[in-house]
Amino acid sequence: MQLVFIDDSGQPRPRRESLGELVSVGAVMFPEDQAARYSGEVDRLRAEIGMPGSEEFKWNSSKGSFMAQAGGEVVKRTRRRLLEIAADCGVRTAVVIWDRGTLPWSKEDVAREILGYLYERIEMHLAASDERGIVIADIPGGGNKDHSKWLSEALDLTRVGTRFAKPERVVMPIVTAPSDHVPHLQLADLVTAATTSAVAGREAGLELIDGLKPLARRNAYGYVGGAGVVLWPPSLNDLYYWVLGESTYVKGGSGHPIGPTDDKFAQPGRPFRNHSGIPE
């Protein structure tokens, strides 16, 4: 059995040129026997840095909270340590990121679509390990009405599935829980927000890539792109080179070169082919 925790994030104003608002959702997938170990290690980390037990680890810490006042170096070390603990516990991750500047669907439609993309990666991960899973999401904002609507839409995934994934491995409807009581959901917040930040070109995310990559799902060819990090639309595929350091993107079993090229006949419509988009 695997326990899967999901959370959403976003970047309204990416640093990379040619990117619009980013909307994302991500999952952290725990072997059942490692969930309690992760909680215990996080409790020890909390004690080491003197963080009150009533506070949660958040990418965007509340004003006046312990982490908001701890200083940048403490925050950086703590984030790295949380990722290291996750790696030691055998956690695997998947994050789906949509650029609304390139494909400007409504936020509501984007959220529904990328949740389906993420669900497909969860089913693929469970199939690869020949296990079943339970999915727990952070309670969405917006109050009871939005919460009920989100649960209703999520129910379709575990009842019908998607075009590419049948609901075979997730054994019950997606449930929600408050993140302040669940450290695994706090990890989902960190992974999703940090990955989205890196794609947006923000230093806070880019400096964590070395900790995020060991956690990310990989396809049969060993690549994270499209498996552990999914960017949409496909015109963003060259960012797998600039963010993850991968020079090949695999689709349909075929490898496609990504990143810088001198080929004057290279396919057009790829804004990040020869430049990261980060202003110099």
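### Things to note about the overall build of the protein chain
Phase 1 of the analysis: Counting secondary structure elements, the protein chain contains nine helices and eight strands.
Phase 2 of the analysis: At 18 Å, the protein chain has a C-alpha radius of gyration in line with the 19 Å of a compact globule built from 280 residues.
Phase 3 of the analysis: Oriented by its inertia axes, the alpha-carbon framework of the protein chain measures out at about 60 × 45 × 35 Å.
Phase 4 of the analysis: When each of the 280 residues of the protein chain is scored for burial, the buried share is 49%.

### Regarding the packing of helix α3 (residues 72-88) against helix α6 (residues 183-200)
Helix-helix packing: each pair is described by the crossing angle between the helix axes and the interaxial distance.
Phase 1 of the analysis: At a closest axis distance of 11 Å, the pairing of α3 and α6 adopts a crossing angle of 115 degrees. Taken together, the axis directions place α3 and α6 in an arrangement best described as roughly perpendicular. Along this stretch, α3 crosses α6, giving a crossing that reads as left-handed. On α6, the residues that touch R79, L82, L83 and A86 of α3 are L187, L190 and V191.

### Looking at the packing of helix α1 (residues 35-49) against α3
Phase 1 of the analysis: Taken N-terminus to C-terminus, the directions of α1 and α3 make an angle of 155 degrees; their axes are 10 Å apart at the nearest point. The orientation of α1 with respect to α3, classified from their angle, is roughly antiparallel. Considering how the two elements wind past one another, α1 and α3 form a crossing that is right-handed. Contacts from R37, Y38, E41, V42, L45 and I49 in α1 reach T78, R81, L82, I85, A86 and D88 in α3.

### Points about the side chain of S179
Phase 1 of the analysis: With respect to the helices, strands and loops of the structure, S179 is situated in the loop between β5 (175-177) and α6.
Phase 2 of the analysis: Among the residues examined, S179 registers a relative accessible area of 9% and is labelled buried.
Phase 3 of the analysis: Only 2.9 Å separates the side chain of S179 from the side chain of E56, close enough to count as a polar contact.
Phase 4 of the analysis: Contact partners of S179, with chain neighbours within four places excluded, come to E56, K58, D138, L185 and Q186.

### Description of the nonpolar core
Phase 1 of the analysis: One finds Y38 and L187 to be the most contacted residues of the largest nonpolar core, which totals 52 residues.
Phase 2 of the analysis: For this core, the element with the most residues is α6, which contributes ten residues.
Phase 3 of the analysis: When residues no more than four places from it in sequence are discounted, the contact partners of L187 are V28, F30, Y38, L82, L83, A86 and V91.
Phase 4 of the analysis: Residues V4, I6, V170 and I174 belong to the second largest nonpolar core, which totals 24 residues.

### Regarding the environment of L3
Phase 1 of the analysis: Note on placement: L3 falls in strand β1 (residues 2-11).
Phase 2 of the analysis: For L3, the residues in contact, after removing those within four places along its chain, are V28, M29, F30, A35 and I134.

### What to know about the environment of E108
Phase 1 of the analysis: For E108, the position within the fold is in helix α4 (residues 107-128).
Phase 2 of the analysis: For E108, a relative accessible area of 45% gives the class partly exposed.

### What about α4?
Phase 1 of the analysis: Between its terminal C-alpha atoms α4 stretches 31 Å, which fits the 32 Å expected from 22 residues at 1.5 Å a residue.
Phase 2 of the analysis: After α4 finishes, the residue D130 shows a positive phi value of roughly 50 degrees.

### Some details on the pairing of strand β4 (residues 133-138)
Phase 1 of the analysis: The buried fraction of β4 amounts to five of the six residues, a majority that puts the element mostly inside the structure.
Phase 2 of the analysis: Pairing analysis gives five bridges linking β1 to β4, with the strands arranged parallel. Residue pairing across strands places I6 opposite A137, the latter belonging to β4.
Phase 3 of the analysis: Strand direction decides the pairing type here: β4 and β5, joined by three bridges, are parallel. By the bridge assignment, I136 is partnered in β5 with V175.

### Description of a nonpolar patch on the surface
Phase 1 of the analysis: On the surface, M1, V171 and M172 cluster together into a nonpolar patch covering about 230 Å² of accessible area.
Phase 2 of the analysis: Looking at the element boundaries, M172 is found in the loop between α5 (144-159) and β5.
Phase 3 of the analysis: Exposure remark for M172: the relative accessible area of 32% places this residue in the partly exposed category.

Definitions and limits used
Residues numbered from 1 in each chain as written. Predicted model: local features only at pLDDT ≥ 70, side-chain atom pairs only at ≥ 80, totals over all residues. Heavy atoms only, no water. Helix = DSSP H or I, 4+ residues; strand = E, 2+ residues; numbered from the N terminus. Rg over C-alpha atoms; globule rule 2.2 N^0.38 Å. Buried < 20%, exposed > 50% of the residue type's maximum accessible area, 1.4 Å probe, protein only. Axes fitted to C-alpha atoms, helices over the stretch in contact; angles between N-to-C directions. Parallel < 35°, antiparallel > 145°, perpendicular 65-115°, else oblique. Left-handed = near helix turned anticlockwise from the far one by under 90°. Contact = heavy atoms within 4.5 Å. Polar contact = N/O pair within 3.5 Å; in protein donor to acceptor, adjacent residues only side chain to side chain. Core = buried A, V, L, I, M, F, W, Y, C linked by side-chain atoms within 4.5 Å. Expected span 1.5 Å × (residues − 1). Pairing = 2+ DSSP bridges. Patch = residues over 30% accessible without salt bridge, like charges linked within 9 Å, V, L, I, M, F, W, Y side chains within 5 Å. Areas by Shrake-Rupley, 256 points an atom, 1.4 Å probe, with all protein chains shown as cover. Salt bridge = Lys/Arg side-chain N within 4 Å of Asp/Glu carboxyl O.

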